[in-house]
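Here's the letter readout for the chains.
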Amino acid sequence: MDAFQYKNYDHCIVNLIASIQKFYHVNPSHSTLSIADQIFLKKDFKNVIVMVFDGMGQNILDYHLKDQDFLKKHQYTTIHSVIPSTTAAATTSYLSGLTPIETGWLGWSLYMEELDKNVDIFSSVDSLTKEYVGIDCGETYLPYISIGKQITQQNPDVKYYEFWPAFKKDGCKNLRQLQKRLLKVCKINEKKFIYVYWDQPDHDIHDYGTKDAIVHKHIQNINKFCEKMAKRTKDTVAFISADHGLVDVAPILLYTYYELMACLTRLPSLDSRCTSFSVKKGYDKRFVNLFHQYFDGKFILLSKKEVLKKEIFGVGRQHKLASSILGDYIAFAVDKYFFATTPNFHPFKGHHAGLLKEEMLIPFISFDN
């Protein structure tokens, strides 16, 4: 079986964004998503909304909802996440219309060669010490033109809005507040594109697993939220999906594999289910042999050259920092395990970034009125 069978850059997040670019007369970054194109043919919508519910993969939706629930009834198809199936990579694809290899946003923790550090890219803190590295690494090293800016530059009459949870300044404290603010904006008599990001159910799946009652409540609340939005808006089309799904996981204490760790020049990076290794000169053969000895069947190991040739992180022009970020070898999870690279790792119960169906397949849901 092909471990990369769910890699599909013709039917994924970037293709949805390409359809939105096309609707607003922006040159699409990639091929468009035909089902979204068909929906856009219905009318010249005043409000276009993309709602991303973090971690709400197809498997999560199927487990926690019934066929008669709003989100299930309004699901058109299933699309694919990007690789790695992780928030930093996937939400940046939503916000840019580009694949991870194009943006350089290739995981949660990225090796920044100029700083010689692994950096948590969202917060620009050292991945090991959690101290701020002094600059915004995303803006400094991995900038991109947001979909909102692309649209408003091409269409001066269109406004752009973003809505976020409370971890951002002036973010929404709950779905009730998000709904109130979103409805207020939708009623403004102007053309607009709106991006909505919500950090559940992912946040709690990490701690409680995919099937917990807490997760069930989040999905029920999201379902009610979307149903109310459909009833209370006019001249609106909404595309509802996720950045990735999640699976229930178990740790591999990588830091205890002393022989293997001795082959490395630095701590592994990217993500714990899609992991980059930088190997000491002359140690390649030893590293590869040890990796296969320990982890065959759990992870697939490829060289950077193989990864780039297979276009695993996406099609398009490779970002200038991608090569240094990716290191020498990348391991892709094909089972339930994640790598814990230091003793103070987070004891995840649910996680993502691997190649499994549950991580890679996300719902394509839409309503319009």
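A quick note: this is a predicted structure, and the numbers were derived from the prediction, not measured.

K.L.:
Help me understand the packing of helix α9 (residues 175-186) against helix α11 (residues 213-232), please; the structure alone is not making it clear to me.
P.N.:
To describe two helices that pack against each other, one gives the angle between their axes and the distance between the axes. Relative to each other, α9 and α11 sit at 20 degrees, their axes nearing to 11 Å. By the angle class used here, α9 and α11 are roughly parallel. The two elements α9 and α11 meet at a crossing, and its hand is right-handed. Of the residues in α11, those touching α9 at Leu175, Leu178, Gln179, Leu182 and Leu183 are Asn221, Ile222, Phe225, Lys228, Met229 and Arg232.

K.L.:
Before we go on, may I ask you to explain the environment of histidine 244 in this structure?
P.N.:
As for its placement among the helices and strands, histidine 244 is situated in the loop between β8 (236-241) and β9 (247-248). Using a relative accessible area of 0% as the deciding quantity, one classes histidine 244 as buried. Along the backbone, histidine 244 and glutamine 58 are 186 residues apart, and their C-alpha atoms lie at a distance of 8.7 Å. The contact partners of histidine 244, leaving out residues within four places of it in the chain, are Asp54, Gly55, Met56, Gly57, Ser81, Ser85, Thr86, Thr87, Asp202, His352, Glu359 and Ile362. A polar atom in the side chain of histidine 244 sits 3.1 Å from the side chain of aspartate 54. Of the polar contacts made by the side chain of histidine 244, one reaches the side chain of aspartate 243; its length is 3.3 Å.

Each value, and the rule that gives it
- Residues numbered from 1 in each chain as written.
- Predicted model: local features only at pLDDT ≥ 70, side-chain atom pairs only at ≥ 80, totals over all residues.
- Heavy atoms only, no water.
- Axes fitted to C-alpha atoms, helices over the stretch in contact; angles between N-to-C directions.
- Helix = DSSP H or I, 4+ residues; strand = E, 2+ residues; numbered from the N terminus.
- Parallel < 35°, antiparallel > 145°, perpendicular 65-115°, else oblique.
- Left-handed = near helix turned anticlockwise from the far one by under 90°.
- Contact = heavy atoms within 4.5 Å.
- Buried < 20%, exposed > 50% of the residue type's maximum accessible area, 1.4 Å probe, protein only.
- Polar contact = N/O pair within 3.5 Å; in protein donor to acceptor, adjacent residues only side chain to side chain.

Note that every value here comes from positions in space, so none of it alone points to a role or purpose.
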